[in-house]
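# Structural overview
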Amino acid sequence: TEEFVAQGEADNTLGGLLLSPELFEDSRCISRSREYQLRKPSTFKPSPYLISKLRDYERRHLKCAHEAKKFSPQTNATEQDFGGCRFIVWMAISGLGNRIMTLTSAFVYALLTNRVLIVDRGLGTDELFCEPFPSTSWLLPESFPNEWMNNLGSNSTSKFGFLARNFTFTSSHNGYSYIDIMHSSDKDDTKFFCANCPSYLSSFPWLFMRSNQYFLPGLHLVPEFHDELDKMFPERQTVFHHIVRYLMHPSDAVWGLISSFYETHLANSQHKVGLQIRVLSDDPALLEVFPDLVLKCAQEKKLLPDVALNTNNSAVGNQISNSVSVLVASLRVVFYNRIRELYLNHPTTDGQQVGVYTASHDEVQFLNFLSHDMKALADMYLLSFSDTLVTTSWSTFGYVAQGISGVNPWILTKFDTTDTVPEYIKNYGICNRGISIDPCFHNTPQMDCENRGWTTDPGKMLPYIQHCEDVPWGIKIM
Ligand code: GDP
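Conventions we followed
Residues numbered from 1 in each chain as written. Predicted model: local features only at pLDDT ≥ 70, side-chain atom pairs only at ≥ 80, totals over all residues. Heavy atoms only, no water. Pairing = 2+ DSSP bridges. Helix = DSSP H or I, 4+ residues; strand = E, 2+ residues; numbered from the N terminus. Axes fitted to C-alpha atoms, helices over the stretch in contact; angles between N-to-C directions. Contact = heavy atoms within 4.5 Å. pLDDT = per-residue confidence, 0-100. Parallel < 35°, antiparallel > 145°, perpendicular 65-115°, else oblique. Left-handed = near helix turned anticlockwise from the far one by under 90°. Nonpolar A, V, L, I, M, F, W, Y, C, P; charged D, E, K, R; others polar. Domains from an automatic or database assignment. Buried area = accessible area lost by both parts, 1.4 Å probe. Salt bridge = Lys/Arg side-chain N within 4 Å of Asp/Glu carboxyl O.

## Concerning the sheet that holds strand S3 (residues 176-181)
Pairing between the strands of a sheet is mediated by backbone hydrogen bonds and can be parallel or antiparallel. With respect to topology, four strands assemble into an open sheet ordered S2-S1-S4-S3, the strand pairing being parallel. The strands lining the two open edges of the sheet, one partner per strand, are strand S2 (116-119) and S3. Each strand axis lies, on average, 25° off the axis of its neighbour in the sheet, ignoring direction. Relative to S2, helix H3 (residues 48-64) is tilted by about 60°, and along the sheet it contacts strand S1 (87-91) and S2.

As structure tokens, this is what we get:
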């Protein structure tokens, strides 16, 4: 409606990131043209260089995607066998937050190395997201040898880590390599982030990648990528922000969930606060105290108004209607119930009206269950409409919301057990402001590019690659 347009971004290309609807008409992707209308304009603008790289990429994808049908694991193929095209295949693995972050990382790798990003059909990518590139598809051809591909793993002879061992890259190969950037990857696998690796890998027309890590900050560590990344993203911390907005568009089914909830509960509030709560500890007692910790963070940092605990809500009048809406995103409903009751039963001390909402609560996490993932994706996008965000340490779910929105979140301290809560609050506080909008690369490479027998701390190599707020050994872009 017009009201939403008034709140949102007037430019339907997000500063040139997206092709205008006249050039990329896709009747099966409502979100591409609607999302910007609900969203406040980003404070970050994509660079003209990035925009030209994206347009080049779209042409390359259109030219090359059909060449993917020619792949066979048996041949010693070269780029020429595929019409001069090279590919990187993203293999779906892990939770949805991880998947969005690894897809985004793989796409930036494709931009840097002139490859074409192809995604495998596992875990419902096609049902969750629209096709991102005009007049073509990013899905693996139906005829692809999927079973063969799914058997690629950490023991495969074609694994990059084996080829890179001792840094004597062998030159003979089958035309493909398997890249493993997992939490369990070893020193050889992570030579992916070393100098010379790009030129070595450029002779492989096919790369197959499995990753559960947001490895994009690691690409800055590759000397060959350095200048290009800086040209594409002069505001370095915005890489995920721009690319996730370019690449990921919720499918019509998911967009239905997002837009109906938004219009009913969030559209008319003056200020939107997103609380992303994910308790990763096994201590059941922690669940009991967690809602209070979240509330304490929000009130201490003045993200939400205080309440007059001794007053019943009905006793107070003259409230401004619907001034703050709070979206509680969590697997468990207890958090929503507690926060909602507080604002329902007691007036706020500043007279603001706080509405508390939740879109879903499946209670437990499922893997490879489409309707569950659709709700999860809806929650991430609903969170990303927030003006203020509170996120949970370590959670890629929160990283995605923060990245899409471009809002620097307040990050809850990681509490493991109830016993340690007072001590942790004393030492670290309940929550702290993020240092940048970039997500965290949790399991960072152990940098030993020259096999010296000791590793360099990747958080100390470049001034703008710092350790994360929530994962001390992780790295993120400043
Ligand atoms: P992480 O484990 O927090 O890093 O995030 P992931 O997205 O990788 O995996 C968590 C999975 O749990 C998600 O994919 C969802 O399936 C589910 N999940 C976690 N938190 C929420 C939530 O707030 N809402 C919904 N709908 N699902 C959630």
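## Let's talk about the confidence of the model for the protein
Per-residue confidence for the protein gives a mean pLDDT of 92, with 94% of residues at or over 70. Below pLDDT 50 for its whole length, residues 1-6 participates in nine contacts with residues either more than four positions away or in separate chains.

## Focus on the packing of helix H12 (residues 252-266) against helix H15 (residues 370-384)
The N-to-C vectors of H12 and H15 enclose an angle of 45°; their axes lie 9 Å apart at closest approach. Viewed along their axes, H12 and H15 adopt a mutual orientation that is oblique. Both H12 and H15 take part in a crossing whose hand is right-handed. Across from Ala253, Val254, Leu257, Ile258, Phe261, Tyr262 and Leu266 in H12, the residues of H15 making contact are Met374, Lys375, Leu377, Ala378, Tyr381 and Leu382. Looking at the contact of H12 with H15 residue by residue, the classes come out as 12 nonpolar, no polar and one charged.

## Side note on the domain arrangement of the protein
Structurally, the protein comprises domain 1 (42-247) and domain 2 (252-434). The gap between the C-alpha centroids of domain 1 and domain 2 is 34 Å. With 18 residues of domain 1 in contact, the opposing surface of domain 2 contributes 17 residues. Interface area, domain 1 with domain 2, both sides summed: about 1400 Å², of which 71% is carbon and sulfur. Contact with domain 2 buries surface across domain 1, with Leu96, Leu123 and Leu128 losing the most and accounting together for 30% of the total. Connecting domain 1 to domain 2 are one salt bridge. Only helix H4 (96-113), helix H5 (125-128) and helix H11 (239-247) provide two or more residues apiece to the side of domain 1 that touches domain 2. Here the element with the most residues in the side of domain 1 that touches domain 2 is H4; it accounts for six residues. Taken together, the residues of the side of domain 1 that touches domain 2 sort by class into nine nonpolar, six polar and three charged.

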